[in-house]
Amino acid sequence: MFVVLLRFAANKSQAPDHTAGHQAWIQQGMEDGIFLLIGGIQPGQGGAVLAHNTTLDDLQQRVAADPFVAHEVVSAEIIEIAPNLTDPRLSFLAG
């Protein structure tokens, strides 16, 4: 599984110009079964994505396609986590 941190970057002021594309990118990730959770990094520092069911290479390509990343509204950091122990409600992540 992966945590993707999308922290505001140099072109933060251009976010309104790319919000529709970013939202479509999020929706596609949800529909593809890759994104599990989308949320904001508080206070107002950017966003975070919990992803699974993908490879690091594929996720890197997906993240690069985010209009916010492509236009440097945010910078992306991908953290890979190898789950060893989970709450039973999240057991699908350990497989």
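What comes next concerns the included structure.

Calculation notes
Sequence order as written defines residue numbering, which begins from 1 separately in each chain. pLDDT decides what is reported in this predicted model: residues at 70 or higher carry local features, side-chain atom pairs at 80 or more are listed and counted, and totals for whole chains, interfaces and linings draw on all residues regardless. Calculated side-chain values reflect all of the structure's heavy atoms, with hydrogen atoms and water omitted. For two strands to be treated as a pair, DSSP must find at least two bridges joining them. We count a stretch as a helix when DSSP gives it H or I for four or more residues in a row; a strand needs E for two or more, and each element gets its number in order from the N terminus. Simply put, an axis is a line fit to the C-alpha atoms, just over the touching stretch for a helix, and the angle between two N-to-C directions goes from 0 to 180 degrees. Should any heavy atoms of two residues lie within 4.5 Å, those residues are considered in contact. Here a pair means two rings of Phe, Tyr or Trp (six-membered ring of Trp) with centres within 6.5 Å. Their orientation is stacked below 30 degrees between planes, edge-to-face above 60, and tilted elsewhere. Working rule: Lys NZ or Arg CZ, within 6 Å of ring centre, within 35 degrees of ring normal, means a charge sits over the ring. The buried label applies to any residue whose accessible area, calculated with a 1.4 Å probe on protein chains only, is under 20% of its type's maximum; exposed applies above 50%, and partly exposed to all values in between. Excluding any residue in a salt bridge, patches collect residues exceeding 30% relative accessible area, merging like charges within 9 Å and nonpolar Val, Leu, Ile, Met, Phe, Trp and Tyr side chains within 5 Å. Each accessible area is a Shrake-Rupley estimate made with a 1.4 Å probe; only the visible protein chains count as cover when residues are assessed. Here a salt bridge means any side-chain nitrogen of Lys or Arg lying within 4 Å of a carboxyl oxygen belonging to Asp or Glu.

**Side note on the sheet that holds strand S2 (residues 35-41)**
Point 1. Within the open sheet, the four strands sit side by side as S2-S3-S1-S4. Their pairing is antiparallel. Each end of this open sheet is capped by a strand with a single partner; those strands are S2 and strand S4 (74-80). The mean angle between the axes of side-by-side strands here comes to 15 degrees, regardless of whether they run parallel or antiparallel.
Point 2. Those strands touched by helix H1 (residues 15-31) are strand S1 (2-8) and S2, and its axis lies near 145 degrees from that of S2.
Point 3. In the packing of helix H2 (residues 56-64) onto the sheet, the strands contacted are S1, S2, strand S3 (46-51) and S4, and the crossing angle to S4 comes to about 165 degrees.

**Focus: the packing of aromatic side chains**
The relation between two aromatic rings is expressed through the spacing of the ring centres and the mutual angle of the planes.
Point 1. Taken as a whole and judged by the stated rule, the model has one aromatic pair.
Point 2. Against the face of phenylalanine 35 rests arginine 62, its NZ or CZ located 5.9 Å from the ring centre.

**A word on the environment of proline 67**
Point 1. Mapping proline 67 onto the fold places it in helix H3 (residues 67-70).
Point 2. The class for proline 67 is buried, based on a relative accessible area of 18%.
Point 3. Measuring from C-alpha to C-alpha, the distance between proline 67 and glycine 46 comes to 14 Å, with 21 residues separating the pair along the chain.

**Section: unusual backbone geometry**
Point 1. The omega torsion of the bond from glutamine 42 to proline 43 falls at -5 degrees, within 30 degrees of zero and hence cis.
Point 2. Relative to the elements of secondary structure, proline 43 occurs in the loop between S2 and S3.
Point 3. With phi around 60 degrees, asparagine 53 is a residue other than glycine that occupies positive phi space.
Point 4. Examined against the element boundaries, asparagine 53 turns out to sit in the loop between S3 and H2.
Point 5. Unusually for a residue other than glycine, glutamate 72 sits at a positive phi of about 55 degrees.
Point 6. Along the polypeptide, glutamate 72 turns up in the loop between H3 and S4.
Point 7. Classification of glutamate 72 as partly exposed rests on a relative accessible area of 49%.

**Digging into a nonpolar patch on the surface**
Point 1. On the surface, Leu36, Leu37, Leu90 and Phe92 cluster together into a nonpolar patch covering about 350 Å² of accessible area.
Point 2. Tracing the backbone through its elements, the reader meets leucine 37 in strand S2.
Point 3. We classify leucine 37 as partly exposed; its relative accessible area is 47%.

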